[in-house]
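Residue strings, one per chain:
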Amino acid sequence: MMPDATGLHGPTTPTPEQVRDVAALANRVFRPDGRGDMGEQYPLLFDPDRTEQMRIYVRDDTVVSHVGVRVDEVLLCGATVRMACIGAVCTDTDARGQGLAGALFKDAVRYAMDLGASVMLISGDRSLYRRAGAYPAGRFLHARAERSLLDDRAGDIELQRVTPAEAPDALRLFETESIRFRRTSQDYAAQLACGMLCNRPGQTWQALVGGSPVAVVSCFALPADEGRGITALCVEEMAGDRRAALTAAGRLAAEQGAPTVTVTGHAADHALAAVLAEIGAAVEHRPFHPGSTIKLLDLPRLWTDARPLLRERIGDAAERIVVTQTIDEDGVVQAAEFAFDGQRVKIEGAEAVVHTFLGRPDGQAMTCASGRLGELLGLALPLPLPMYGLNYT
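Reading the values: the criteria
Residues numbered from 1 in each chain as written. Predicted model: local features only at pLDDT ≥ 70, side-chain atom pairs only at ≥ 80, totals over all residues. Heavy atoms only, no water. Helix = DSSP H or I, 4+ residues; strand = E, 2+ residues; numbered from the N terminus. Rg over C-alpha atoms; globule rule 2.2 N^0.38 Å. Contact = heavy atoms within 4.5 Å. Areas by Shrake-Rupley, 256 points an atom, 1.4 Å probe, with all protein chains shown as cover. Lys, Arg positive; Asp, Glu negative; His and termini not counted. Charge placed at Lys NZ, Arg CZ, Asp CG, Glu CD. Buried < 20%, exposed > 50% of the residue type's maximum accessible area, 1.4 Å probe, protein only. Pairing = 2+ DSSP bridges. Axes fitted to C-alpha atoms, helices over the stretch in contact; angles between N-to-C directions. Parallel < 35°, antiparallel > 145°, perpendicular 65-115°, else oblique. Left-handed = near helix turned anticlockwise from the far one by under 90°. Nonpolar A, V, L, I, M, F, W, Y, C, P; charged D, E, K, R; others polar.

Notes on the overall build of the protein
- Of the regular secondary structure elements, the protein holds 13 helices and 18 strands.
- In terms of overall dimensions, the protein is globule-like: its C-alpha atoms have a radius of gyration of 22 Å, near the 21 Å expected for 393 residues.
- Reported as C-alpha extents along the three principal axes, the dimensions of the protein are approximately 65 × 60 × 35 Å.
- A fraction of 69% describes how many contacts in the protein between residues 6 or more apart in sequence connect residues 24 or more apart.
- For the protein, the exposed area adds up to about 17000 Å²; of that, 47% sits on carbon and sulfur atoms.
- The average position of the 40 basic charges and that of the 51 acidic charges among the side chains of the protein differ by 3 Å.

Here you go:
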């Protein structure tokens, strides 16, 4: 693509040699104080071997706008769904107001759909994303507990920092987790090495009993205002035994001087909820990663990919329900229609469609329709969502 009259070239992707320039733009926007290098903090995004993940505009050989997009496989209770993660969306100050981020976002959507993504997770909530049909959705539990409630009662848990070398062994603990991002051991090792968790410095630890790992937790310390110590140790990802994971979090909080521990988990994680209730933790519910939004890309594909889970929920009706969508000129899914045995249900409005498929943040059920089809949809939806954890982009 040739530069236009303003000297802008794009949407395009960088050469491997330009990746450092893309990271430099992200640093100018998100790390203006010079603390941290996003190229090092997000190695799976700013990867010279995966330049297609970076959609950019260039002017006079300088990268002036960027939208990062990764497409990953997500396991949803036996179903594999491809989801895109959007992040590091930025434009140089003197290049703003020209619609560059919007054009790159549309380019990222096209790229993600070409790779089979049906859902897009966006680490931001602003007008650009709302206009594109992205809204807060999903329902997760968020617990807060005084550190004393998590004292090591058994006294037999050993903590071990998970290094990149231990990535393959630590990943084994995720094999029994029914809702998660699929990761290779190489990618997990890179995520561990960069030391970032949800855009904060983080660490990952294993809890061992008798020398064998039983749980893994990824957490970060939330600093108090004006550097006055630590207010909480925040657990954003866990696998394995829930009691052991919470015990590990309590011990880490004690070592770091954090008076409280916060834990984010799936609303349907009954094992975690039971332990939290037992220790008297305060629990509330929140949408998928506060400050983030979710866009639906392809409803028929999502329904098809989710069928292994849907068959468990509604039997062979999962095969017989036909899902279609109405997309406007801006690529927003404005309506979803379900057809089954002569019955039809139509959901209109981009936000209502997102909430029908992925759940309302307040947990209220969407009223689709009466009759057999309405009953089936009430059982089938909403679908679960993964937690960002180390996959935050």
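Quick notes on the pairing of strand β15 (residues 293–296)
- Across the two faces of β15 the burial is the same, with Thr 293 and Lys 295 and Ile 294 and Leu 296 all buried.
- Here four bridges tie strand β5 (residues 119–122) to β15, and the two strands are oriented antiparallel to one another. Considered in β15, the bridge of Met 120 is made with Lys 295.

Examining the packing of helix α7 (residues 242–256) against helix α8 (residues 270–279)
- It is at 9 Å that the axes of α7 and α8 come closest, and there the two elements cross at 50°. On the basis of the axis angle, α7 is oblique to α8. In this structure, α7 crosses over α8, and the sense of that crossing is right-handed. Side by side, α7 and α8 meet where Arg 242, Arg 243 and Leu 246 of the first sit next to Ala 271, Leu 272, Val 275, Leu 276 and Glu 278 of the second.

Details of the packing of helix α10 (residues 307–314) against helix α13 (residues 371–380)
- The geometry of α10 relative to α13 is characterised by a closest axis approach of 9 Å and an angle of 120° between their N-to-C directions. As summarised for this structure, α10 and α13 are arranged oblique, according to the angle between their axes. With respect to the hand of their crossing, α10 and α13 are arranged in right-handed fashion. Packed against α10, whose contacting residues are Leu 310, Arg 313 and Ile 314, the element α13 presents Leu 376, Leu 379 and Ala 380 at the interface.
- The class makeup of the residues in the contact of α10 with α13 is five nonpolar, no polar and one charged.

The analysis is restricted to geometry; functional conclusions fall outside its scope.
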